[in-house]
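Examination of the molecular architecture
This is what each chain is made of:
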Amino acid sequence: MTDPSGELPHQEPGLEELLERYAMLRDTIQGLEAEREALGAQLKAALASGERAETELYRAVLKVSRRVEYPLERFREVFGDAAALEVATVDRKKADALAGAGDLDPERLRELGVVREIQVLTLQPKTR
């Protein structure tokens, strides 16, 4: 049966087309993010040295961002061990760096680690 309007029926893209589009968007975004980071670093350095940057629509300004942190020892003194343990997190990169420097036993750190599995969509290049 044909559509009386003469239009072809809409066909959903297949998995290959979805993957191709996803890969193209991912690659484009990653390239743009890398370029944005590089440009941002150049602009920050220039502004920090006193230069000014403006376009017809924008003016570049350095702003100070503040993040509240709680020193662990003071937090523990004020709220106790249980509360400190409840809110504490271990920074994996810092723990690995301490193990690499010899301040932590790398084998015991490896044994202590817990691996959680999550599903992540990744793209594997076909050519190697």
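Quick caveat: nothing in here was measured; it's all calculated off a predicted structure. (Residues numbered from 1 in each chain as written. Predicted model: local features only at pLDDT ≥ 70, side-chain atom pairs only at ≥ 80, totals over all residues. Heavy atoms only, no water.)

1. Section: the confidence of the model for the protein chain
Our working rule: A residue's pLDDT is the confidence the predictor assigns to it, expressed on a 0 to 100 scale. Numbering goes from the N terminus for both helices and strands, where a helix is a DSSP run of H or I of at least four residues and a strand is a run of E of at least two.
Within the protein chain, residue pLDDT values average 88, and 92% of them lie at 70 or more. Looking over the protein chain, one finds the lowest element-wise mean pLDDT in helix α3 (residues 81–87), namely 90, and the highest in helix α1 (residues 15–48), namely 94.

2. Structural notes on the UniProt feature "coiled-coil region" (unreviewed entry) in the protein chain
To be explicit about the condition: UniProt positions are given in the numbering used here, feature names are shortened, and annotations may be inferred rather than shown by experiment.
The feature "coiled-coil region" (unreviewed entry), as given by UniProt, occupies residues 15–49 in the numbering adopted here. Helix makes up 97% of residues 15–49 and strand 0%. Its end C-alpha atoms lie 51 Å apart.

3. Brief notes about the packing of aromatic side chains
Heads up, the rule is: Only centres within 6.5 Å qualify two rings of Phe, Tyr or Trp (six-membered ring in Trp) as a pair; their planes then separate them into stacked at under 30 degrees, edge-to-face at over 60, and tilted for everything else. Exposed residues in this analysis have more than 50% of their type's maximum accessible area, buried residues have under 20%, and partly exposed residues fall in between, with area computed by a 1.4 Å probe over protein chains only.
Enumeration over the complete set of coordinates arrives at two aromatic pairs. For the ring pair Tyr70 and Phe75, a centre distance of 6.2 Å and an interplane angle of 55° mean the geometry is tilted. For Phe75, a relative accessible area of 18% corresponds to the buried category. Between Phe75 and Phe79 the ring centres are 4.8 Å apart and the planes differ by 45°, which places this aromatic pair in the tilted class. Pair noted here: Phe75 and Phe79 are both in helix α2 (residues 72–79), with a separation of four residues, about one helical turn. Judged by relative accessible area, Phe79 falls into the exposed class, the value being 53%. One aromatic cluster in this structure is built from Tyr70, Phe75 and Phe79.

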